[in-house]
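Breakdown of the fold
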Amino acid sequence: MTPFAGPLPPEMARAVPLLAGTLTVSGLVLLFVRNVELRRRWRTWCVTALVVCGTLGFGAPGAALFAAGLAVVGSVEYVRLVGLRRADGAVLLGAGVLLPLIAWLRPGVLTLPMAGVLLCAAALPALLDQDVAHGADRVARTTFGLIWLPVALTGLVSLGDLAIAICVSVAFADVGGWCGGRALGRSGPLSRPLSALSPAKTWGGVVGSAAFSGLALWAMDAWTPLRWLAVLCGCALGDLLESMIKRGAGVKDAGRWLPGFGGLLDRIDSLLVTLLLLGAMP
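Model, not experiment: these values are computed from the prediction.

Here we take up the overall build of the protein. Counting its regular elements, the protein contains eleven helices and zero strands. Starting at the N terminus, the α and β elements of the protein follow one another as α-α-α-α-α-α-α-α-α-α-α. Taking 2.2 N^0.38 as the reference for a compact globule, 282 residues should give roughly 19 Å; the C-alpha atoms of the protein span a radius of gyration of 19 Å, in line with that estimate. When burial is assessed residue by residue, the protein has 47% of its 282 residues classed as buried. Contacts in the protein between residues at least 24 apart in sequence constitute 71% of all its contacts with a sequence separation of at least 6. Summed over its atoms, the accessible surface of the protein is roughly 14,100 Å², and 70% of this surface lies on carbon and sulfur atoms.

What follows covers the UniProt feature "transmembrane region" (unreviewed entry) in the protein. As recorded in UniProt, the sites labelled "transmembrane region" (unreviewed entry) are residues 12-33, 45-72, 109-128 and 148-181. Along residues 45-72 one finds 89% helix and 0% strand; the C-alpha atoms at either end are 21 Å apart. For residues 148-181, the end-to-end C-alpha separation is 26 Å, with 88% helix and 0% strand making up the annotated structure.

Each pocket or cavity is described by its volume, and for the second largest pocket that value is around 590 Å³. The set of elements that each furnish at least two residues to the lining of the second largest pocket consists of helix H4 (86-105), helix H5 (112-129), helix H6 (135-153), helix H7 (155-158) and helix H11 (264-279).

This brings us to the packing of aromatic side chains. Here the distance between the centres and the angle between the planes together describe a pair of aromatic rings. Counting across every chain of the model gives three aromatic pairs. Taking the centre distance of 6.0 Å and the plane angle of 65° together, the rings of Tyr78 and Trp148 count as edge-to-face. In this pair, Tyr78 is assigned in helix H3 (residues 60-82) and Trp148 in helix H6, connecting sequence segments 70 residues apart. Like Tyr78, the residue Trp148 is buried in the burial classification. Each residue in the set Tyr78, Phe144 and Trp148 is aromatic and connected to the rest through ring pairs, giving one cluster. Taking NZ or CZ as reference, Arg41 lies 5.1 Å from the ring centre of Phe261, over its face. Lying over the aromatic face of Phe261, Arg267 brings its terminal NZ or CZ to 5.0 Å of the ring centre.

This next bit is on the environment of Leu153. Along the chain, Leu153 turns up in helix H6. Since its relative accessible area comes to 0%, Leu153 is described here as buried. Sequence-wise, Leu153 and Ala63 are 90 residues apart; in three dimensions their C-alpha atoms are separated by 9.4 Å.

On to the nonpolar core, then. Membership of the largest hydrophobic core comes to 68 residues, with the highest contact counts inside it found for Leu56, Tyr78, Trp148 and Leu156. For this core, the element with the highest residue contribution is helix H8 (residues 162-184), accounting for eleven residues.

Moving on, we come to a nonpolar patch on the surface. On the surface, Val97, Leu98, Leu101, Trp104 and Leu105 cluster together into a nonpolar patch covering about 440 Å² of accessible area. Along the chain, the position of Leu98 falls in helix H4. Judged by relative accessible area, Leu98 falls into the exposed class, the value being 51%.

An ideal rise of 1.5 Å per residue puts 33 Å on 23 residues; H3 measures up with 32 Å between its terminal C-alpha atoms. Gly83 sits one or two positions beyond H3 and adopts a positive phi of about 70°.

The next subject is the side chain of Lys246. The topology assignment puts Lys246 in helix H10 (residues 225-249). We classify Lys246 as buried; its relative accessible area is 11%. At 2.9 Å, the side chain of Lys246 forms a polar contact with the side chain of Asp266. Those residues within four positions of Lys246 in sequence are excluded, and the remaining contacts are Leu81, Val251, Lys252, Asp253, Ala254 and Asp266.

Here the focus is the pattern of salt bridges. In this structure the tally under the stated criterion is 14 salt bridges. Linking Arg138 and Asp88 is a salt bridge whose minimum nitrogen-to-oxygen distance equals 2.9 Å. One end of the pair, Arg138, is in helix H6; the other, Asp88, is in helix H4, and 50 residues separate them in sequence. One salt bridge connects Lys252 with Asp253, and the closest N-O pair in it is separated by 4.0 Å. When its relative accessible area of 31% is taken as the criterion, Asp253 is described as partly exposed. In the salt-bridge network here, residues are joined through shared partners; they are Arg85, Asp88, Asp129, Asp131 and Arg138.

About the cut-offs
- All chains use their own residue numbering, which begins from 1 and follows the written sequence.
- Per-residue local features of the predicted model are confined to residues with pLDDT of at least 70, and side-chain atom pairs are confined, for both listing and counting, to 80 or more; whole-chain, interface and lining totals are unaffected and use all residues.
- Note that water and hydrogens are dropped before the side-chain values are worked out from all heavy atoms of the structure.
- Secondary structure counts use DSSP, requiring at least four H or I residues in a row for a helix and at least two E residues in a row for a strand, with both numbered from the N terminus.
- Here the globule rule is a power law, 2.2 Å times the number of residues to the power 0.38, and the radius of gyration is based on C-alpha atoms.
- Burial here depends on accessible area, computed with a 1.4 Å probe over protein chains only, as a share of the maximum for the residue type. Under 20% is buried, over 50% is exposed, and the range in between is partly exposed.
- We call two residues contacting when some pair of their heavy atoms lies within 4.5 Å.
- Note on areas: Shrake-Rupley with a 1.4 Å probe; residue coverage comes only from the protein chains shown.
- UniProt positions are given in the numbering used here, feature names are shortened, and annotations may be inferred rather than shown by experiment.
- Site definitions follow a grid-based scheme: protein atoms alone, a 1 Å grid, a 1.4 Å probe that fits but cannot get out for cavities, and for pockets an open set with protein on both sides within 12 Å along at least five of seven lines, plus lining residues having an atom within 4 Å of a point.
- Grid points are joined across faces, edges and corners, and a volume is the space filled by probe spheres set on the points.
- Ring pairs are drawn from Phe, Tyr and Trp, using the six-membered ring of Trp, whenever the two centres fall within 6.5 Å, and their geometry is named by plane angle: stacked under 30 degrees, edge-to-face over 60, tilted for the rest.
- Look at NZ for Lys and CZ for Arg. If either is within 6 Å of the ring centre and within 35 degrees of the ring normal, a charge sits over the ring.
- The term nonpolar core refers to a set of buried residues drawn from Ala, Val, Leu, Ile, Met, Phe, Trp, Tyr and Cys, joined through side-chain atoms within 4.5 Å.
- What makes a patch is a set of residues exposed beyond 30% relative accessible area and free of salt bridges, joined within 9 Å when like-charged and within 5 Å when nonpolar (Val, Leu, Ile, Met, Phe, Trp, Tyr).
- Whenever a carboxyl oxygen of Asp or Glu lies within 4 Å of a side-chain nitrogen of Lys or Arg, that contact is scored as a salt bridge.
- Given the number of residues in a helix, its expected span is that number minus one, multiplied by 1.5 Å.
- Think of a polar contact as two N or O atoms within 3.5 Å of one another; within protein, one of them needs to be a possible hydrogen donor and the other a possible acceptor, and neighboring residues in sequence only count if both atoms come from side chains.

Okay, structure coming up:
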């Protein structure tokens, strides 16, 4: 992975104009579109772009802060969705703060032995409670949450300068999925849903995600076959994974505080799986 190169690395210098140009053009188009939901999403996009560029622009410290913030908020939503107890949630929140800091200050610590530490931390509350009835389920849900959120988000730090390009390409993939679904997913073979977990997601959306993410990676000079595949698979699997969790919880959105999207997990589900896939690549 590429280490952070400085206050304005080449990836940031390419990503900022791409984001600014895209948001400007889409904002002008929305002036002639009477769709309140799209306008609400566009405003959220603008704020998100500022936060992402503003934090990642500070290099590893900013990335660690950004990752910790996402991990904490995402963990709160996850705890509520799966019904974890306070002690289990505390493990998630603690890991959400500590792991990004470790990835910044002591990256060599995040190796296979750390997995054993995380497993013990996930099991400790249930063991202390001597929870025979629900202990195994609590440990499984907490362990999944640790991998899905804090562990995945350390990728924002370990990816270095490449993190901004991945964040932008995932965002473009999400937009491409929506556009592809609208343009190609209404009839024909591409209208078939990916899964019953998320019937609104069609193969037409996958085609749109592939095109938009590939274009974004190419525009930022960050395209490789493996990165493109990680983003594409991350977007498809991430959405289905969160849909499965939400359906299990009987809710439509992970939260209500993010205008146009619902909760934070509704916004970063694709990024989480993408970061995990990239972390497994050489």
